[in-house]
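Descriptive structure summary
Okay, here's what each chain looks like letter by letter:
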Amino acid sequence: SSLSWVERVGADLFLGGFPDGVSMQASFDNLNQAIGRDPECIIYNLGLAQAYIAEDNSHEAELTLEHTLKLPNRSIHDAKRKETAKELLDDVKGL
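Residues numbered from 1 in each chain as written. Predicted model: local features only at pLDDT ≥ 70, side-chain atom pairs only at ≥ 80, totals over all residues. Heavy atoms only, no water.

Once that is clear, we can look at the overall build of the chain. Counting secondary structure elements, the chain contains five helices and zero strands. Moving toward the C terminus, one meets the helices and strands of the chain in the order α-α-α-α-α. Scored against the burial criterion, the 95 residues of the chain give a buried share of 35%. A separation of at least 24 residues holds for 53% of the contacts in the chain among residues at least 6 apart in sequence. (Helix = DSSP H or I, 4+ residues; strand = E, 2+ residues; numbered from the N terminus. Buried < 20%, exposed > 50% of the residue type's maximum accessible area, 1.4 Å probe, protein only. Contact = heavy atoms within 4.5 Å.)

Moving on, we come to the side chain of N45. Relative to the elements of secondary structure, N45 occurs in helix α3 (residues 42-54). A residue is classified by how much of its surface remains accessible, and N45, at 3% relative accessible area, is buried. Discounting chain neighbours no more than four positions away, the residues touching N45 are I35, P39, E40, T64, H67, T68 and L71.

Where α3 contacts helix α5 (residues 78-93), the axes come no closer than 10 Å and their chain directions differ by 25°. Considered as vectors, α3 and α5 are oriented roughly parallel to each other. In the crossing of α3 with α5, the sense of the turn from one axis to the other is left-handed. Residues I42, I43, L46, Q50 and I53 of α3 touch α5, and the partners they reach there are D78, R81, K82, T84, A85, L88 and V92. Among the residues making up the contact of α3 with α5, the classes are represented as seven nonpolar, two polar and three charged. (Axes fitted to C-alpha atoms, helices over the stretch in contact; angles between N-to-C directions. Parallel < 35°, antiparallel > 145°, perpendicular 65-115°, else oblique. Left-handed = near helix turned anticlockwise from the far one by under 90°. Nonpolar A, V, L, I, M, F, W, Y, C, P; charged D, E, K, R; others polar.)

We now examine unusual backbone geometry. A positive phi angle, near 60°, is found at D56, a position not held by glycine. Secondary-structure assignment places D56 in the loop between α3 and α4 (58-70).

What follows is the structure in structure tokens.
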């Protein structure tokens, strides 16, 4: 199966890199635009949190991850994404 651009960016962020030609600002712009269209999309919010983590902005990452965990599951993959969000939140909080 193919990954959406958000999943690719999220995977690249999670694995410690960025796709060629993608700036951090472009990532934030794209993720915020996607969230504006679909505020309850877990993968968009998780991607935004991962971008904040990549920028060492733990405060915004924590807020975004806490919000992500409160969103309803809409996809069969959302429970796993929430597990990832919980793990990242624990890391950000230093637990």
